[in-house]
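The residues making up each chain are set out below.
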Amino acid sequence: MTFWVVRHAQPRVAPGICYGALDVPAEPEATARAAQALAHELPQGAQVFVSVLQRCELFAQHLRGLRPDLTFKPEPRLVEMHFGMYEGVAWADIDKDAMDAWTDNFWAHRFGGQESVAEFMARVAEVWDACQPARTAGQVQVWITHAGVARAVSLLAQGVRRIERADQWPSQAPAFGQWLRVLP
């Protein structure tokens, strides 16, 4: 059974800005192109779960217009990790001590004071687990989401639910407007 993880198109945010859960829009033209490309790839009748951040909702709106056979469901647990007080801040302006505190306790530290990797993984795993029966029954599922969620999914698909170190966090994720197929 193939499971699809789709990343939103290029967001309208300056390079180098931390924008996890920050609700920034995506480039409309890039979103339309990505939705058009995905529409040609998806099998009939897939279930599409959508992060509630506008950069993902816009992608889903375009896809819905192209593929009325798909079913769409907003899913707030698929938003990107929340970086708290660092949302909207340039990564270069974040104090080295704050970065070190996060990487030294990668699993449990709430970088920016909002959400830890453990909390983030737990909420993504809730959706993963809730969707498992439908995947097992052969239902094609698509998540329109973010790079962090895609990285979490790559761990979940391998049965990994906890990591201790920052170097265990996957470095690969789909590029903007791209997707990957996961075989859970």
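I tried to follow the overall build of the protein on my own but got confused; where do I start?
Helix and strand content of the protein: 5 helices and 5 strands. Traced from its N-terminal end to its C-terminal end, the protein shows the element sequence β-α-β-α-β-α-α-β-α-β. For the protein, the C-alpha radius of gyration of 16 Å lies close to 16 Å, the compact-globule estimate for 184 residues. With respect to the principal axes defined by its C-alpha atoms, the protein has extents near 50 × 35 × 20 Å. Counting every position in the protein, which comprises 184 residues, the buried fraction comes to 47%. For the protein, the computed accessible surface area is about 8600 Å², with 53% contributed by carbon and sulfur atoms. Mean positive and mean negative side-chain charge positions of the protein (17 and 20 charges, respectively) differ by 7 Å.

Is there a simple way to explain the packing of aromatic side chains in this structure?
The geometry of an aromatic ring pair is captured by the separation of the ring centres together with the interplanar angle, meaning the angle of the planes. Counted under the stated rule, the structure contains 12 aromatic pairs. Centroid distance Trp-102 to Phe-111: 4.3 Å. Interplanar angle 15 degrees. Geometry classified as stacked. The exposure class of Trp-102 is buried, given its relative accessible area of 9%. Joined through ring pairs, the aromatic side chains of Phe-83, Tyr-86, Trp-91, Trp-102, Phe-106, Phe-111, Phe-120 and Trp-169 make up one cluster. Taking NZ or CZ as reference, Arg-135 lies 5.1 Å from the ring centre of Phe-3, over its face. Stacked on the ring of Trp-128, the Lys or Arg Arg-135 has its end atom at 4.0 Å from the ring centre.

I keep staring at the sheet that holds strand S3 (residues 71–74) and nothing clicks. Help me out?
Across a sheet, paired strands are connected by hydrogen bonds in the backbone, their directions being either parallel or antiparallel. Read across the open sheet, the 5 strands follow the order S3-S2-S4-S1-S5; overall the sheet is mixed. On the outer flanks of this sheet lie S3 and strand S5 (179–182), each paired with one strand and no other. Taken pair by pair, the neighbouring strands of this sheet meet at an average axis angle of 20 degrees, ignoring direction. Across 4 bridges, strand S2 (residues 47–50) lies against strand S4 (residues 141–145) in parallel orientation. Bridge pairing in S4 links Val-48 to Val-142. Seen against the sheet, helix H4 (residues 117–136) touches strand S1 (3–7), S2 and S4 and runs at an angle of roughly 160 degrees to S4. Contacting S1, S4 and S5, helix H5 (residues 147–157) runs over the sheet at an angle of about 155 degrees to S1.

Criteria and cut-off values
Residues numbered from 1 in each chain as written. Predicted model: local features only at pLDDT ≥ 70, side-chain atom pairs only at ≥ 80, totals over all residues. Heavy atoms only, no water. Helix = DSSP H or I, 4+ residues; strand = E, 2+ residues; numbered from the N terminus. Rg over C-alpha atoms; globule rule 2.2 N^0.38 Å. Buried < 20%, exposed > 50% of the residue type's maximum accessible area, 1.4 Å probe, protein only. Areas by Shrake-Rupley, 256 points an atom, 1.4 Å probe, with all protein chains shown as cover. Lys, Arg positive; Asp, Glu negative; His and termini not counted. Charge placed at Lys NZ, Arg CZ, Asp CG, Glu CD. Phe/Tyr/Trp six-rings, centres within 6.5 Å; stacked < 30°, edge-to-face > 60°. Lys NZ or Arg CZ within 6 Å of the ring centre and 35° of its normal. Pairing = 2+ DSSP bridges. Axes fitted to C-alpha atoms, helices over the stretch in contact; angles between N-to-C directions. Contact = heavy atoms within 4.5 Å.

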